[in-house]
Amino acid sequence: MMAKIPEDVIETVRTATNIADVVGQYVQLKKSGKNLFGLCPFHEERTPSFSVSEGKQIFHCFSCGRGGNVFKFLMELEHVSFREAVVKVADFSHVDLATDYRTEADAPAVDSKTSQLIDLHEQAAKLYHHILVNTEMGQPALDYLHQRGLTDATIKQYQLGFAPDQRLLKPFFEQRQADYQLLRQSGLFIENTAGELRDRFTERVMFPLRNASGHVAAFSGRVLKKSDDQPKYLNSPETALFTKSRLLFNFDLARSAIRQRGEVILFEGYMDVISATQAGVPNGIASMGTSLTTEQIYALERTTDQIDICYDGDEPGQRATQRAIGLLQAHSKMKINVIQLPQGQDPDEYRRAHGDEAFQQVMQSAKETPIRFQLRYLRQNRALETDSERLAYLNDVMPLLAQVHEPVELDLYLKQLANEFNLDQSALVAQLKQVRQTTAATRERQRPTPARPRPAANDPAVTVHQQRAPLTRLERAERQLLYWLLHDRNVWARVAQVADFSFVHDDYQVIYTLAQGYFQTHETYQSAQFTDFIQEERLQQLVIELESTISLAAVTPREIEDYLKVIMDEAPLDAQIRHKKQALTEASRLGDADQQRQLVIEIVRLEQQRQANKQV
């Protein structure tokens, strides 16, 4: 039987963990004031509104409203249960947990369709891997991978597999009585007009495609025997688990190295990534094909400030590099480098030809700026020995150089062009000035509103969106009082002396009641711990909102008295006045003059009482 994780064990895991370290594996955080800020992982945004408080050990997004402690973060991001989140955090912080506490975390959630689909893919990956490394039918594929220079350890790490011609996957699942409709929706099979399923992948080396949480969400199969009527690579179709434009190959494994090294290397293919990892370059990823997408850029931008593009050296690879540069410059603020390998080789070829150490070195030494790459790229298929081609080339180059604002870098490019084409550098400078003036005039005409000043690099702008209607005076008082009830025992003792005290709004009263139970077993208040004690999602988010939006250093007794007065005296009066005004409207509609006069007298009296209370 599964053992419940005791609260003291949960607290041990929590106190052993800095939430910023866990969140930092998924979000690039930068200091701003007391807190850390980054791009929210739960919705797309361009200006940071996601906050992490190391002092309170909580996170909160001022835009979408999500918030909580370190366990809540993993529950929301990776769609795991509370127990699974505790186990993941314990493993991250190297806290030993009894085996009984891990049972549920290791078992699939049978009530979730997504979990069931993931389980199908995990089982398929294990079968394909078993066929590759343990069977005679997988030997040709294993030989191929060994010939490509992959070790058995690497093959195991990436759980590479083989799908034979015999189509073993369908009977494999039939033996396990897998649900037919689930199999149909998995993308692992092809369905004919009669509704019969057959394995989608045959005679292919299988690359499991894992999502950001490390679960197998799809497959890419590389044909083992070349054939004109089959694509070299065949990917799973898009399903509830797999969206081609969002998934990045190896991102789950590389994310930690990307954060540590401060840069990500974008490769063109799966083999390049795997080969690089084996060679000691673990921060590589690949998009699904050579078409990088804005969704993938956003995922990377949350993790790092720098991206190095290392596509193949052939013509298609160079075109893909040019497209990637354009997309990144249009949709990202990341610093861009291009890694250009010699002799037009692809990364995997270079590693196998020169060895791991040389590969590591070239990943650093072969970096060039996007401008340098584009200067060379624009030369392709040009007859630069003719004046017309030279002029056309220089006209294409000048708008690129206009983007360079570092004087030394710009001078370097201009000198090289002047020397190569036997030109006066001052002529190039004059043309560049003209291009910049034209560009600036065009931008000015297209600018709809005055540009706002950009924030300093070390002080990221923070977007704070209003998520609710403006608060009434009553609710402001309730929120402030509740905050200090939780944080200050003297305030708690003062409110306890007030006979028949209660909050007007139910949510605040429920939190106050739960806090009474919390303080019976906890001497001090910790917001990250209290949110687990509450359990109800809506109230958890309200507590996190209070913690993230109220940041007063201290409160005076007079302020507490003011809050109590608003709640105990003014709130009932406000309610009575609203009720009388509603009755007055109804009396006016009915034409009851006597009732109208009486209600007006009562409303005036109540308004006078409210004004008198404010003056006390």
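Residues numbered from 1 in each chain as written. Predicted model: local features only at pLDDT ≥ 70, side-chain atom pairs only at ≥ 80, totals over all residues. Heavy atoms only, no water.

Peer 1: Help me understand the overall build of the protein chain in this model?
Peer 2: For the protein chain, the helix and strand inventory stands at 27 helices and 16 strands. Relative to its length of 616 residues, the protein chain is extended, with a C-alpha radius of gyration of 32 Å against a globular reference of 25 Å. C-alpha atoms of the protein chain, sized along the principal axes, occupy 100 × 75 × 55 Å. Counting contacts in the protein chain only where the partners sit at least 6 residues apart, residues at least 24 apart contribute 63% of the total. Approximately 31,700 Å² of the protein chain is accessible, and the part contributed by carbon and sulfur atoms is 49%. Distance between charge centroids for the protein chain: 4 Å, based on 71 positive and 82 negative side chains. (Helix = DSSP H or I, 4+ residues; strand = E, 2+ residues; numbered from the N terminus. Rg over C-alpha atoms; globule rule 2.2 N^0.38 Å. Contact = heavy atoms within 4.5 Å. Areas by Shrake-Rupley, 256 points an atom, 1.4 Å probe, with all protein chains shown as cover. Lys, Arg positive; Asp, Glu negative; His and termini not counted. Charge placed at Lys NZ, Arg CZ, Asp CG, Glu CD.)

Peer 1: Before we go on, may I ask you to explain the sheet that holds strand β6 (residues 161-163) in this structure?
Peer 2: Whether parallel or antiparallel, the strands of a sheet pair through hydrogen bonds between backbone atoms. One open sheet accounts for 4 strands, arranged β6-β9-β10-β11; its pairing is antiparallel. What marks the edges here is a single partner per strand, and that holds for β6 and β11 (233-235). For this sheet, the mean angle separating the axes of adjacent strands, direction not counted, is 35 degrees. Of the strand pairs in this sheet, β6 and strand β9 (residues 204-210) are connected by 3 bridges, and their pairing is antiparallel. Residue pairing in the sheet places Phe162 in a bridge with Val205 of β9. The strands that helix α12 (residues 270-278) touches are β9, β10 (216-223) and β11; relative to β9, the one it contacts most, it runs at about 75 degrees. (Pairing = 2+ DSSP bridges. Axes fitted to C-alpha atoms, helices over the stretch in contact; angles between N-to-C directions.)

Peer 1: Looking at this structure, how should I read the packing of aromatic side chains?
Peer 2: Describing an aromatic ring pair means giving the distance of the ring centres and the angle of the ring planes. On inspection of all chains with the given rule, the structure shows 34 aromatic pairs. Both rings, one in Phe519 and one in Tyr525, keep their centres 6.5 Å apart while their planes meet at 50 degrees; by these two values the pair is tilted. Taking the relative accessible area as the measure of exposure, Tyr525 reaches 14% and is therefore buried. Grouping aromatic residues by their ring pairs yields a cluster made of Trp492, Phe501, Phe503, Tyr508, Tyr512, Tyr518, Phe519, Tyr525, Phe530 and Phe533. One residue, Arg255, lies across the ring of Phe251, its end atom 5.4 Å from the ring centre. Directly above the aromatic system of Phe519 lies the positively charged group of Arg489, at a separation of 4.0 Å from the ring centroid. (Phe/Tyr/Trp six-rings, centres within 6.5 Å; stacked < 30°, edge-to-face > 60°. Buried < 20%, exposed > 50% of the residue type's maximum accessible area, 1.4 Å probe, protein only. Lys NZ or Arg CZ within 6 Å of the ring centre and 35° of its normal.)

Peer 1: Got a minute to help me understand the sheet that holds strand β2 (residues 35-38) in this structure?
Peer 2: One open sheet holds the 5 strands; their spatial order is β1-β2-β3-β4-β5, and the pairing between them is antiparallel. Where the open sheet ends on each side, the last strands, each with one partner, are β1 (30-32) and β5 (67-68). Pairing between β1 and β2: 3 bridges, direction antiparallel. If you follow Lys31 over to β2, its bridge partner there is Leu36. Relative to strand β4 (residues 58-61), helix α25 (residues 537-549) is tilted by about 90 degrees, and along the sheet it contacts β4 and β5.

Peer 1: Teacher, can you tell me more about the packing of helix α17 (residues 370-377) against helix α18 (residues 387-401) here?
Peer 2: Each pair of packed helices can be described by the angle between their axes along with the distance between the axes. Running from N to C, α17 and α18 point in directions that differ by 170 degrees, and their axes come no closer than 10 Å. The orientation of α17 with respect to α18, classified from their angle, is roughly antiparallel. Seen from α17, the contacting residues are Ile371, Gln374 and Leu375; seen from α18, they are Tyr393, Val397, Leu400 and Leu401. Classifying every residue of the contact of α17 with α18 gives 6 nonpolar, 1 polar and no charged. (Parallel < 35°, antiparallel > 145°, perpendicular 65-115°, else oblique. Nonpolar A, V, L, I, M, F, W, Y, C, P; charged D, E, K, R; others polar.)

Peer 1: Please clarify how the pattern of salt bridges should be interpreted in this entry.
Peer 2: Side chains that carry opposite charge are capable of pairing whenever their charged atoms lie near each other. Per the stated rule, a full pass over the model turns up 30 salt bridges. Arg46 is the partner of Glu44 in a salt bridge, and the nearest nitrogen-oxygen pair spans 3.2 Å. For Arg46, a relative accessible area of 38% corresponds to the partly exposed category. The shortest N-O distance in the salt bridge between Arg379 and Glu420 comes to 2.3 Å. Taken as a pair, Arg379 in the loop between α17 and α18 and Glu420 in helix α19 (residues 407-421) lie far apart in primary sequence, 41 residues in all. (Salt bridge = Lys/Arg side-chain N within 4 Å of Asp/Glu carboxyl O.)

Peer 1: What's the story with the environment of Arg261 in this structure? I'm lost.
Peer 2: Relative to the helices and strands, Arg261 is located in helix α11 (residues 251-261). Residue classification places Arg261 among the partly exposed positions, given a relative accessible area of 44%. With 21 residues separating them in the primary sequence, Arg261 and Pro282 have C-alpha atoms 9.7 Å apart. Excluding residues within four positions of it along the chain, Arg261 makes contact with Gly280, Val281, Pro282 and Asn283.

Peer 1: So what exactly am I meant to see when it comes to the environment of Lys367 here?
Peer 2: Mapping Lys367 onto the fold places it in strand β16 (residues 367-368). Of the residues examined, Lys367 reaches a relative accessible area of 25% and is grouped as partly exposed. Sequence spacing of Lys367 and Glu136 is 231 residues, and the spatial spacing of their C-alpha atoms is 44 Å. If near-sequence neighbours (up to four positions away) are discounted, Lys367 is found in contact with Glu263, Gln306, Asp308, Asn337, Val338 and Ile339. Only 2.9 Å separates the side chain of Lys367 from the side chain of Glu263, close enough to count as a polar contact. (Polar contact = N/O pair within 3.5 Å; in protein donor to acceptor, adjacent residues only side chain to side chain.)

Peer 1: Quick question: what am I supposed to make of the pairing of β9 here?
Peer 2: Note on strand geometry: in a regular strand, side chains alternate between the two faces of the sheet. Taken across its 7 residues, β9 has 7 buried, putting it largely inside the fold. Every second residue of β9 is oriented toward a common face, with Arg204, Met206, Pro208 and Arg210 on one face and Val205, Phe207 and Leu209 on the other, all of them buried. By the bridge criterion, 7 bridges tie β9 to β10 in an arrangement that is antiparallel. Bridging across to β10, Met206 finds its partner in Gly221. Two successive antiparallel strands, β9 and β10, enclose a turn made up of 5 residues, where Gly214 displays a positive phi of approximately 90 degrees.

Peer 1: Would you mind going over the packing of helix α23 (residues 506-521) against α25 with me for this structure?
Peer 2: α25 packs onto α23 with a crossing angle of 90 degrees between their chain directions and a minimal axis gap of 11 Å. In this view, α23 runs roughly perpendicular relative to α25, as classed from their interaxial angle. Two secondary-structure elements touch here, α23 through Asp507, Tyr508, Val510, Ile511 and Leu514 and α25 through Arg538, Leu539, Leu542 and Val543. Class assignment of the residues belonging to the contact of α23 with α25 gives a composition of 7 nonpolar, no polar and 2 charged.

Peer 1: Is there a simple way to explain helix α13 (residues 294-301) in this structure?
Peer 2: An α-helical segment advances 3.6 residues per turn. Residues three or four places apart therefore align on the same side. Burial runs high along α13: 6 of the 8 residues are buried. Here α13 has its buried residues at Gln296, Ile297, Tyr298, Ala299, Leu300 and Glu301. Next to the buried residues of α13 lie α11, β12 (264-267), β13 (284-286), β14 (306-310) and α14 (315-331).

Peer 1: Honestly, unusual backbone geometry in this entry has me stumped. Any pointers?
Peer 2: Leaving glycine out, the prevailing phi sign among residues is negative, and the prevailing peptide bond configuration is trans. Look at Gln159: it is not a glycine, yet its phi comes out positive at around 50 degrees. In this structure, Gln177 is a non-glycine residue whose phi angle is positive, near 55 degrees. Judged by its relative accessible area of 74%, Gln177 is exposed.

Peer 1: Sorry if this is basic, but what is going on with the confidence of the model for the protein chain here?
Peer 2: Note: predicted coordinates in regions of low pLDDT should not be interpreted at a detailed level. Per-residue confidence for the protein chain averages 86 on the pLDDT scale, and 90% of its residues sit at or above 70. In the model, residues 105-111 has pLDDT below 50 throughout and makes 9 contacts with residues more than four positions away in sequence or in other chains. Of the regions scoring below 50 in pLDDT, residues 450-457 engages in 2 contacts with residues more than four places distant in sequence or in other chains. (pLDDT = per-residue confidence, 0-100.)

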